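Structure at a glance
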Amino acid sequence: MDLVTAFVAMLLVVWLIERHRRRPGEGAADAVAVAVTALWCLLVSATGTGSVLSTLGEVARNLAWLMVVLALFARDRRDETVRPVRPVLAALALVELFQIALVVLTQRYAGFPEAVVMIGQMSDLFHLLSTTGALVLVHNLYAGSVAGQRGAVRWSCLALALIWGYDLNYYTIAYLARGVPAELVTLRALAQMVAMVMIGLAARKGSSLRLSPSRTVAFQSLVLLIIGIYLIVMVGAAQSVAWAGGNTSELVQLGFAFVTTVMIIALVPSARLRRWLNVVLAKHFFQHRYDYRAEWLRFARTIGRADANAQPLHARVVQAVADITDSARGVLLVPGEGGALVLAARWQWPTLDVPAVAIDARAVAFLERSGFIVDLDQVRAGTDHAGEASLIPAWMVDEEAIWVLVPLLHFERLVGLVVLGRPALPRELDWEDFDLLRVVGQQLASFLAEQGAHAALLEASRFDEFNRRIAFVMHDIKNLASQLALLARNAERHADNPAFRSDMLVTLRNAADKLNALIARLSRYGAGTVSAIEPVDASAVAQAVAARCNTALGTVQVFATDVQPCLVLAARDTLDQVISHLVQNALDATEGKLGVFLHTRTDAGHGVIEVVDSGSGMSADFVRNRLFTPFVSTKPGGFGIGAFEARELVNAMHGRLEVESREGLGSRFAIRLPRAPDGAGAHSATPAIPAPATKAAVS
């Protein structure tokens, strides 16, 4: 059979040489490998399987086929693709050359049967190592080819897989049985002949090839290679212990097995080890760090989730960016009132302490203008690429766990900023990281802008429906107010009983005043108007609200402490209404168990009225997406416009309503209004009636 295989191989050599003459540069490596294989088959046929010449011929055959693998990798002449393969091929070639040293040792110790057996088993181990590595290379060669061009290497890869796959089983049996049956030797020659036919088919169907191996294939191939090396090392070590002999050999084998088992259990499931392997592959085996197809599919799955267990969109935005850099946590900042960035969502980072104003408007303008992705490690090291070092807030620089800031730009407008935490294996970002993060940031910005537009459209639709309904309510209330006013005028003329007339007039006039006040307040929805703005002492209004609420509750739960004189430009009744809204909401949050505190102070050109509670608090997602959303209420039967109305009224007075809240700790609402000019007198109108401070007014 070996002679037949040699004859077929020689015919193939003649054809390959002729083909190479017609097409220079094609088939040279194949021709050399097939010629060496033919020579090896002749040596095996003439001298036998275990002879020195046949062993040296097999070494030459394996080296020749390794050169074929190298030629297949380099066929498109891209050095970047070939460079990572060469060290692996060199290592396998070195293992093959060790066989020559083992042949020399076998000849030297031919008179010692035990030594010859030991050297033979060592030779089998080296064969197993080289064939395993060669099969991994063949697998990577085929799987890493572009799908449309795999036909160019299909037959070559099948031939190589047949040659080395048979050798793997051949030497495994040889090692375990310490010998090879004659049938396997015959079948080995037959396998070589089939491989020669496949090489001929490969040469006939050859075409150009460009390689694009995926990270998954390379990672799996590397793992398979490591497993193969590990198994060979374990078998060799166990056999060495057995050869050592002695009474302690079994104990040493047991201890060795125990230690290696513990190492496997500890390392194989390790996410850190997998990440390290991925980093090594990205650095040394690929021209590009990322598998863009896989990254984009994962991005689409993360953002497009719509099942019941999916996180809110803002949290998924953070996760989509964090997955790219292997970050385990992050937060999302979005523009708030005044242009500064505020916390919108957290992803696996509940402990990060984010101020109410996370990043000021100057830094936002810089990020919008430059789109710069900020590496905080470089900022901490003193590097300042585009002036970002002076704009990044101190709390971010001081927090060592913060790693990267990724702006989300939509048509040169900043719609969000993703703050990423440091990954388990920190590394320095390069141009490829920045490019991918920039593209993903633009895509995420589009999603956020689309969601915002959808929410605004939905809110406008709800407002339209609400206005249509409230028009009927206002019509009825106007009619009732007119009737009550007419009744009061008639009662003044026709009532006979002075006492009854007096009580009736007081009741009717109060009812008419309340209805007219309700009409005025309802008329302001959507108009953004308030009554005349004038200097008002905010501290006096806060004390009046506290006294009124305590009287209504029958106990002291609202404390006007640390109340400093604070003269602001506002409408007193409107300011009273806003504070009453916020106090009532705070009382609802504390459920009557803890107190609500009112503070007033001045801050630069503003006066500040604070309503502080120690209640259940609110999440960042609730504050951002639900607190000020009209018609969304957590109270049974509520309209859900209390907090929304409070903010709109503060805005109408040219002020701003700020919120800070932490779940389980409480909330702080701060009303910031312009300060009145020095020397202006405070408006001293009678405090507003208690009715607007009831729960119905803020529901």
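Residues numbered from 1 in each chain as written. Predicted model: local features only at pLDDT ≥ 70, side-chain atom pairs only at ≥ 80, totals over all residues. Heavy atoms only, no water.

**A word on the nonpolar core**
Let me state the cut-off plainly: Throughout this description, the term nonpolar core refers to a set of buried Ala, Val, Leu, Ile, Met, Phe, Trp, Tyr and Cys residues connected via side-chain atoms within 4.5 Å. Here's how the labels work: a residue is buried when its accessible area is under 20% of the maximum for its type, exposed when over 50%, partly exposed in between, all with a 1.4 Å probe on protein chains only. The helix and strand labels rest on DSSP assignments: H or I over at least four residues marks a helix, E over at least two residues marks a strand, and numbering proceeds from the N terminus. Throughout, a contact is declared for two residues whenever any of their heavy atoms are within 4.5 Å.
Core analysis: the largest hydrophobic core is formed by 37 residues, its most contacted members being L575, I579, V583, I671 and L673. Among the elements of the structure, α19 (538-553), β8 (567-570), α20 (572-590), β9 (596-603), β10 (606-613), α22 (642-652), β11 (656-662) and β12 (666-674) are those that each provide at least two residues to this core. With near-sequence residues (within four places) excluded, I671 lies in contact with V578, I579, L582, G607, V608, I609, V650, R656 and L657. Among the nonpolar cores identified, the runner-up in size contains 33 residues, and V69, F73, C157 and I199 belong to it.

**Description of the pairing of β9**
The line we're drawing: In short, DSSP must find at least two bridges between two strands for them to pair.
By the bridge criterion, 4 bridges tie strand β7 (residues 558-563) to β9 in an arrangement that is parallel. Within β9, the position partnered with V563 by the bridge is T600. Note: β9 against β10, 8 bridges, orientation antiparallel. Residue pairing for β10: R601 is matched across the bridge by V608. Linkage of β9 to β10, two consecutive antiparallel strands, is achieved through a turn of 2 residues, within which A604 is found at a positive phi near 55°.

**Brief notes about the sheet that holds β10**
Here is the rule: Interaxial angles span 0 to 180 degrees and are taken between N-to-C directions of axes, which are lines fitted to C-alpha atoms, for helices over the stretch in contact.
Ordered in space as β7-β9-β10-β12-β11, the 5 strands form an open sheet in which the pairing is mixed. The two strands at the open ends of the sheet, each matched to only one other strand, are β7 and β11. In this sheet, neighbouring strand axes are inclined to one another by 20° on average, regardless of whether the strands run parallel or antiparallel. Across 7 bridges, the pairing between β11 and β12 is antiparallel. Bridge pairing links V659 to F669 in β12. The strands touched by α20 are β7, β9, β10, β11 and β12; relative to β10, the strand with the most contacts, the crossing angle is about 25°. In this fold α22 packs onto β11 and β12, with an angle of close to 140° to the strand it touches most, β11.

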